[in-house]
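Chain by chain, the residues run as shown.
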There are 2 protein chains.
Amino acid sequence: MIISMSSASGVGSPSHENPRVERTKAKVLTVARELLSESGPMDLTFSALSQRSGVTRQTLYRHWPNRAALFVDIVLTGPTASYPEGGSDARSVTVEFLQSLREGLTDVPRATAVLAIAAQADRDPECAAALEEIAVDRRKALNALLTGSGRQVDEDEFAGLCGPMLFRHLLVHGVATDTLIDRTVDAWLAN
Amino acid sequence: MIISMSSASGVGSPSHENPRVERTKAKVLTVARELLSESGPMDLTFSALSQRSGVTRQTLYRHWPNRAALFVDIVLTGPTASYPEGGSDARSVTVEFLQSLREGLTDVPRATAVLAIAAQADRDPECAAALEEIAVDRRKALNALLTGSGRQVDEDEFAGLCGPMLFRHLLVHGVATDTLIDRTVDAWLAN
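It should be emphasised that the depicted structure is a prediction, and the values quoted were computed from it without experimental measurement.

> Summarise the overall build of chain A; cite the residues concerned and give the values.
Regarding its fold elements, chain A presents 9 helices and 0 strands. In chain A, the succession of α and β elements from N to C terminus is α-α-α-α-α-α-α-α-α. Taking 16 Å as the expected radius of gyration for a compact globule of 191 residues, we find that chain A reaches 18 Å, a close match to that expectation. With respect to the principal axes defined by its C-alpha atoms, chain A has extents near 55 × 35 × 30 Å. Evaluated residue by residue, chain A yields a buried proportion of 53% over its 191 residues. Nonlocal contacts in chain A, meaning residues at least 24 apart in sequence, comprise 67% of its contacts between residues at least 6 apart. Summed over all atoms, the accessible surface of chain A reaches about 8,300 Å², with 52% contributed by carbon and sulfur. Averaging the positions of the 19 positive and the 24 negative side-chain charges in chain A gives two centres separated by 7 Å.

Right, here's the structure in full:
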């Protein structure tokens, strides 16, 4: 799983609620992902979600106090990309990591939800915290993969590595090519 | 003006509608920016906008067929940042350009609107086109500033330059420091 899996504070870890509650949440999240793919975040309202899923609005609000919380769950669940392996070659480890990050974001509901959370972060401390936690967690994951190479990535370097690909893929809605990823990693290694 | 000013196709250029229409649009955009700052894009609905601005929903829909069109106008208007100057030193020109891009995005409604458009781009070709147009326009602007330096920036290099700062500022909601910008520009020049 790519932009998910938070080891640090248990976000996204399986909860120990009862199975019926878990089934309802999973069903609603599936419907929410369909709605996000079809209409985008602006039309993913609790009314629309209630109507489509057959779950009452009261129940929805019990699970997710607001739409931001729902979006965070959409990022943290969903299809998992193949996870890259660690190794001693910093270049190939980092290239594979970025490719797998990109693969995770080809899941449209997840990419949409990331952007919706980012758009809310100025006003919602929980969204801001979720974004930071995801970034910290992903950097830790890359550094764990890089252990055998003797290199590590600091915060600025992580922005330098992920930024170009995410700019192209998420912000400009263009194609983040393998060449872009290769050039980014080579520029990092040259410094 | 930073993420605005589209020379290419006239998006954002003054229209020649009548002054009363222009005043109404300007008033609604001001209210929309307030709502965006207060509540974020998910709560910027045409109902809320109508209620707060006193303009009927019918009139709103006449000006903006959907919320995406409204968000594009919010990006293309709004406070303008100090514009960098061109010069022969590629390093200082590019650093100032990125700083001014960052300054333009400290305007919360604009940053929020950019993310809201990006979140909609998978389903709305107009949003996707608007994003691409803004990116093409900004790269042209940087290359015009760089003319005297003899260097130019291709699409991948532009992603390499803007990506790290925008990743930190927009996607992770962190601080895009001057050091990050300096490191990014130095890595570009070293290649």
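> Describe in detail the interface of chain B and chain A, supporting the description with residues and values.
Contact with chain B, which involves 47 residues of that partner, is made by 47 residues of chain A. Both faces considered, chain B and chain A share a buried interface measuring about 4,000 Å² in area, 63% of it formed by carbon and sulfur atoms. Counting the surface chain B buries against chain A, the share from its top three residues, Met42, Arg123 and Leu171 of chain B, is 19%. Between chain B and chain A we count 6 salt bridges in total. In this structure, Arg183 of chain B and Asp154 of chain A form a salt bridge, with 3.3 Å as the shortest nitrogen-oxygen distance. At the surface where chain B touches chain A, the tally comes to 13 residue pairs in polar contact (both at pLDDT 80 or more). Secondary-structure elements contributing two or more residues to the side of chain B that touches chain A are helix H1 (19–39), helix H4 (67–76), helix H6 (108–120), helix H7 (125–146), helix H8 (155–171) and helix H9 (178–190) of chain B.

> Residues and numbers for the packing of helix H9 (residues 178–189) of chain A against H8 of chain B, please.
It is at 10 Å that the axes of H9 of chain A and H8 of chain B come closest, and there the two elements cross at 55°. As judged from the angle between their axes, H9 of chain A and H8 of chain B are oblique. Pair H9 of chain A / H8 of chain B crosses with right-handed handedness. In contact with Thr179, Leu180 and Arg183 of chain A of H9 of chain A, H8 of chain B contributes Asp156, Glu157 and Ala159 of chain B. Among the residues forming the contact of H9 of chain A with H8 of chain B, the class breakdown is 2 nonpolar, 1 polar and 3 charged.

> Please give an account of the nonpolar core that cites residues and values.
Formed by 124 residues in total, the largest nonpolar core has its most connected members in Leu49 of chain A together with Leu49 of chain B. In this structure Leu49 of chain A touches Val28, Val31, Ala32, Leu35, Leu44, Gly54, Leu60 and Leu70 of chain A, once residues within four positions along its chain are discounted.

> Just give me the short version of the packing of aromatic side chains, but keep the residues and values in it.
Centre-to-centre distance and the angle between the planes together describe a pair of aromatic rings. In this structure the tally under the stated criterion is 6 aromatic pairs over all chains. Judged by centre distance (6.1 Å) and plane angle (70°), the rings of Phe158 of chain A and Phe167 of chain B are edge-to-face. Highlighted residues: Phe158 of chain A in helix H8 (residues 155–171) and Phe167 of chain B in helix H8, drawn from two different chains. Judged by relative accessible area, Phe167 of chain B falls into the buried class, the value being 8%. Judged by centre distance (4.4 Å) and plane angle (40°), the ring pair of Phe46 of chain B and Tyr61 of chain B falls under tilted. Placement of the pair is Phe46 of chain B in helix H2 (residues 46–53) and Tyr61 of chain B in helix H3 (residues 57–63), with a sequence separation of 15 residues.

> How would you sum up the environment of Asn191 of chain B? Please name residues and give values.
Counting through the fold element by element, Asn191 of chain B comes out in the segment after H9. Expressed as a C-alpha distance, the spacing of Asn191 of chain B and Phe167 of chain B, which sit 24 residues apart in the sequence, is 21 Å. Residues within four places of Asn191 of chain B in sequence aside, it is in contact with Ala187 of chain A together with Arg151 of chain B.

> Quick rundown of the relation of the copies chain B and chain A? Include the residues and the values.
Expressed as a screw operation, the relation of chain B to chain A combines 0.0 Å of axial shift with a rotation of 180°, fitting to an RMSD of 0.0 Å. Here the two chains are linked by the operation of a two-fold rotation axis. Distance from the rotation axis, computed per C-alpha, reaches its smallest value in chain B at Gly163 of chain B: 2.0 Å.

> Before we move on, can you summarise the pattern of salt bridges with the specific residues and values?
Evaluation of the coordinates by the stated rule reveals 20 salt bridges over all chains. When the shortest N-O distance is used, the salt bridge between Arg52 of chain A and Glu34 of chain A registers 3.3 Å. Of this pair, Arg52 of chain A sits in helix H2 (residues 46–53) while Glu34 of chain A sits in helix H1 (residues 19–39), placing them 18 residues apart in sequence. Here Arg52 of chain A falls in the partly exposed class, since its relative accessible area comes to 39%. Connected via shared salt-bridge partners are Asp154 and Asp156 of chain A together with Arg168 and Arg183 of chain B.

The rules we used
- Residues numbered from 1 in each chain as written.
- Chains lettered and ligands numbered in written order.
- Predicted model: local features only at pLDDT ≥ 70, side-chain atom pairs only at ≥ 80, totals over all residues.
- Heavy atoms only, no water.
- Helix = DSSP H or I, 4+ residues; strand = E, 2+ residues; numbered from the N terminus.
- Rg over C-alpha atoms; globule rule 2.2 N^0.38 Å.
- Buried < 20%, exposed > 50% of the residue type's maximum accessible area, 1.4 Å probe, protein only.
- Contact = heavy atoms within 4.5 Å.
- Areas by Shrake-Rupley, 256 points an atom, 1.4 Å probe, with all protein chains shown as cover.
- Lys, Arg positive; Asp, Glu negative; His and termini not counted.
- Charge placed at Lys NZ, Arg CZ, Asp CG, Glu CD.
- Buried area = accessible area lost by both parts, 1.4 Å probe.
- Salt bridge = Lys/Arg side-chain N within 4 Å of Asp/Glu carboxyl O.
- Polar contact = N/O pair within 3.5 Å; in protein donor to acceptor, adjacent residues only side chain to side chain.
- Axes fitted to C-alpha atoms, helices over the stretch in contact; angles between N-to-C directions.
- Parallel < 35°, antiparallel > 145°, perpendicular 65-115°, else oblique.
- Left-handed = near helix turned anticlockwise from the far one by under 90°.
- Nonpolar A, V, L, I, M, F, W, Y, C, P; charged D, E, K, R; others polar.
- Core = buried A, V, L, I, M, F, W, Y, C linked by side-chain atoms within 4.5 Å.
- Phe/Tyr/Trp six-rings, centres within 6.5 Å; stacked < 30°, edge-to-face > 60°.
- Least-squares fit on C-alpha atoms with pLDDT ≥ 70 in both.

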